Every structure is written in C-alpha cells, then in structure tokens.
Amino acid sequence: MKARTVGIFFKHNHEPARIEAHKLKEWLEARNYEVFMDSMNAEQNEGSRSATQYHERVSKIPSNVGWVVVLGGDGTLLGAARKVGKFGMPILGVNLGGLGFLTEVPLKRLYPVVEMMLKGQLDEESRLMLETRVVRGGQNIGSFLVLNDVVINKGALARILDLDVYINDQFLTAFRSDGLIISTPTGSTAYNLAAGGPILYPTMSNLILTPICPFTLTNRPIILPDSDTVCITMRKAREEKVTITFDGQVGFDLKYGDKVMIHASNKRIRLLKSPDQTYFEILRAKLMWGGATYKNHDGNG
C-alpha cells in the first residue's frame, strides 16, 4: 500500500461533489500526496440488462492507494465499495447532503477529519460483504460483490413469485412473495428495514433473508450465520420479468432455471468512523427516533 496516495471517489454528474473533489485534490497535493480521482457513474440507470451484456467499468483509482475519500451519499459509497473496497484500503465517507449511514462525516468537517485520517487517528470498522454467483445452464454467468444487499424482484404488474430457498443444500422453504432480500448487517437499515426486516449492528457477521410482501404471514425474516451458503431458484417458469439487483445499482433479468448462489465474501470493506457521532446517534437521527431526554444505565437522568 502506498502511504502517500489518496483516491477520491465522487458522485457522478453532481457539480457540488465535483467541485469539492477538485478542492480536496489541490489540498492534498499541496501536502505532497499523490491523488487519483474517479466518479460513480449511473451505469445501470437505463434499467436492467442481461448478465452477458453487463460489464462494470474498472475504477481509475489504483488498488494500492493508502486511503479513499468518498464525496456524495450512501449510494456513492456503495459504488466505491463495489469498485475498490474489495482491495482493503480504508474508506472515509463524506456526505454532501444530510447525514448518511455510510457517509457519516458532514462536508463542513471534511478537512479536519481528513487530517485525522492521514495521521492515523480515526477508528475503523470491518464490514461483511456478500459474493453472489448466478449460474445458468451449469455455467457461471456473473459474479458480484455487494455491501448492502441482493434483491430478487418481480415486475410491477407481474404475479407473485415462488422462490425455492436452500441453505447449505438443505431446503428451507418456498417463499411466495413479491421478492426476496438477502442483506448484510450494513444493509439491514436499507431495503431490508423497509420490508420489515431487523436492524443488525453493522459489524456483525450475518446474512438476513427478508421476503417482500409475503403471501403467507408466517413467512418471516430469518438471520443466518456468515458460514452459510444460500441458493435461490424460481419454482415456476414465468413470462413476466424477474430481476436481480446488487446494492440497488446494477443488475439484470433472471431466467427460469437460474441458480442464485450467495455467501459471505472473504473480502471485507474497511470503513473509517466519524470522530463526531456514534452509530446509535446516526440511527436515531436517520430514523427520527426520540431521545432528547434519556436516562443513564444507572437510572439517573
């Protein structure tokens, strides 16, 4: 790892992010750091495409930089995680809007916190990532690394999905639902939460399976250890479109007979923590929980 190199990843087509990225680049270069820049392109915004058509662009940031600073929101950091986080460099998320679960540092604190980063004064967290393979006709047609979640979803007007789910080759159940979310603890506060799944502390090592609008009320979310492998197939052939998406950003259409294999990756992302607030403070702010008045653990106000 190169000690005096920094990568800057910023939100694509967002002028404030581009301006701040160039300002930070000049600031770092004035301190004799070599800087590499890249943007999070909206490569999949046109909609899903086939697995064979999808090719994600390689990042312009080398795999051996000392740190990466992400300027944008949580979506921008997810893109950075997918492109460069697998190489193991520490990543600092700076939010240009409101507070984010992943981009914890507000823009007004950018330079003091970056200075702390360069001095090694920030704590970091190791987060689980999932590796997904889609197997079609016995051939691996795509492998994807995700930080938040893998989602199998039906089209807007399609009938309910029947998904057979196996854990370590043992049959779990057939989910009848609008779809299925396979989430990491980091992603537990994203789509998983909206679908009624549990919140897990982000450094835990678990997988969460959460059905989307299940037909049977007894189909509930289930938490699995990170040693398990999940296999999902469609029970019936369908004319309607069924899609699989990775971190809500890239994906393609599934076909009947496809096998979706998901397991914990041996690569983990390293996120630098904000020095100014804890995860629970961010959780309260984002979910608008109460807490202006509270008691200490000993019962005193």
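Only a predicted model underlies this, so the values are computations on that prediction, with no experimental measurement involved.

A count of helical and extended segments in the chain gives 5 helices and 19 strands. In summary, the chain has a C-alpha radius of gyration of 20 Å against a globular reference of 19 Å for 301 residues, a match within 12%. Across its three principal axes, the chain shows a C-alpha extent of roughly 60 × 55 × 35 Å. Within the chain, the proportion of its 301 residues that are buried is 49%. Taking all contacts inside the chain whose residues are at least 6 apart in sequence as the whole, residues at least 24 apart take part in 70%. Carbon and sulfur atoms form 51% of the exposed surface of the chain, whose accessible area is close to 14,300 Å². In the chain, 36 side chains carry a positive charge and 31 a negative one; their mean positions are 1 Å apart.

Our focus in this paragraph is helix α2 (residues 74–83). When you tally the buried positions in α2, you get 8 out of 10 residues, the bulk of the element. Those residues of α2 that sit buried are T76, L77, L78, G79, A80, A81, R82 and K83.

A few words now on unusual backbone geometry. Among all residues save glycine, negative phi is the norm, and among peptide bonds the norm is trans. Of note, the phi angle at N168 is positive, near 50°, even though the residue is not glycine. As for its position among the elements, N168 is in the loop between β10 (161–167) and β11 (170–177). Non-glycine residue D169 carries a positive phi angle of around 70°.

With that out of the way, let us pick up the packing of helix α1 (residues 15–29) against helix α3 (residues 110–118). Relative orientation of the contacting elements α1 and α3 amounts to 45°, with a least axis distance of 12 Å. On the basis of the axis angle, α1 is oblique to α3. When you trace α1 past α3, the crossing you get is right-handed. Contact with α1, carried on its side by E20, K23, L24, W27 and L28, involves L110, Y111, V114, E115 and L118 of α3 and no other residues of that element. Partitioned by chemical class, the residues of the contact of α1 with α3 number 7 nonpolar, no polar and 3 charged.

Right, let's talk about the environment of A194 for a bit. Examined against the element boundaries, A194 turns out to sit in helix α4 (residues 191–194). A relative accessible area of 69% means that A194 is categorised as exposed. Separated by 18 residues in the primary sequence, A194 and I212 place their C-alpha atoms 9.2 Å from one another.

Of the residues making up α3, those classed as buried are L110, V113, V114, M117 and L118. The buried residues of α3 all sit within an arc of 140° when viewed along its axis, so they share a single face. Of the surrounding secondary structure, the elements contacted by the buried residues of α3 are β1 (5–11), α1, β3 (67–72), β4 (90–95), β5 (105–106) and β19 (269–272). Backbone geometry just after α3 places G120 at a positive phi near 75°.

Conventions and cut-offs
Here the residue index of a chain counts from 1 through its sequence in written order. Reporting in this predicted model follows two pLDDT cut-offs: at least 70 for local features of residues, and 80 or more for side-chain atom pairs to be given and counted; totals over whole chains, interfaces and linings ignore these cut-offs and use all residues. Side-chain calculation: all heavy atoms of the structure are included, whereas hydrogens and water are not. Every helix listed is a DSSP run of H or I at least four residues long, and every strand listed is a run of E at least two residues long, numbered separately from the N terminus. Radius of gyration: over C-alpha atoms. The globule rule applied is 2.2 Å multiplied by the number of residues raised to the 0.38 power. A simple rule labels every residue: compare its accessible area, found with a 1.4 Å probe on the protein chains alone, to the largest value its type can have, and call it buried under 20%, exposed over 50%, or partly exposed in between. By definition, residues are in contact when any of their heavy atoms lie within 4.5 Å. All accessible areas in this document rest on Shrake-Rupley with a 1.4 Å probe, and a residue is counted as covered only by the protein chains that are shown. Charged residues are defined here as Lys and Arg on the positive side and Asp and Glu on the negative side; His and the ends of the chain fall outside this count. The location of each charge is read from NZ of Lys, CZ of Arg, CG of Asp or CD of Glu. Only the stretch in contact is used when a helix axis is fitted, and all axes are lines through C-alpha atoms; the angle between N-to-C directions ranges over 0 to 180 degrees. Note on angle classes: values under 35 degrees are labelled roughly parallel, values over 145 roughly antiparallel, values of 65 to 115 roughly perpendicular, and the remainder oblique. Should the near helix be turned anticlockwise from the far one by less than a right angle, the crossing is termed left-handed; should it be turned clockwise, right-handed. Each residue gets one label: Ala, Val, Leu, Ile, Met, Phe, Trp, Tyr, Cys and Pro are nonpolar, Asp, Glu, Lys and Arg are charged, and the others, such as Gly, are polar. The arc refers to the directions leading from the helix axis to the C-beta atoms.

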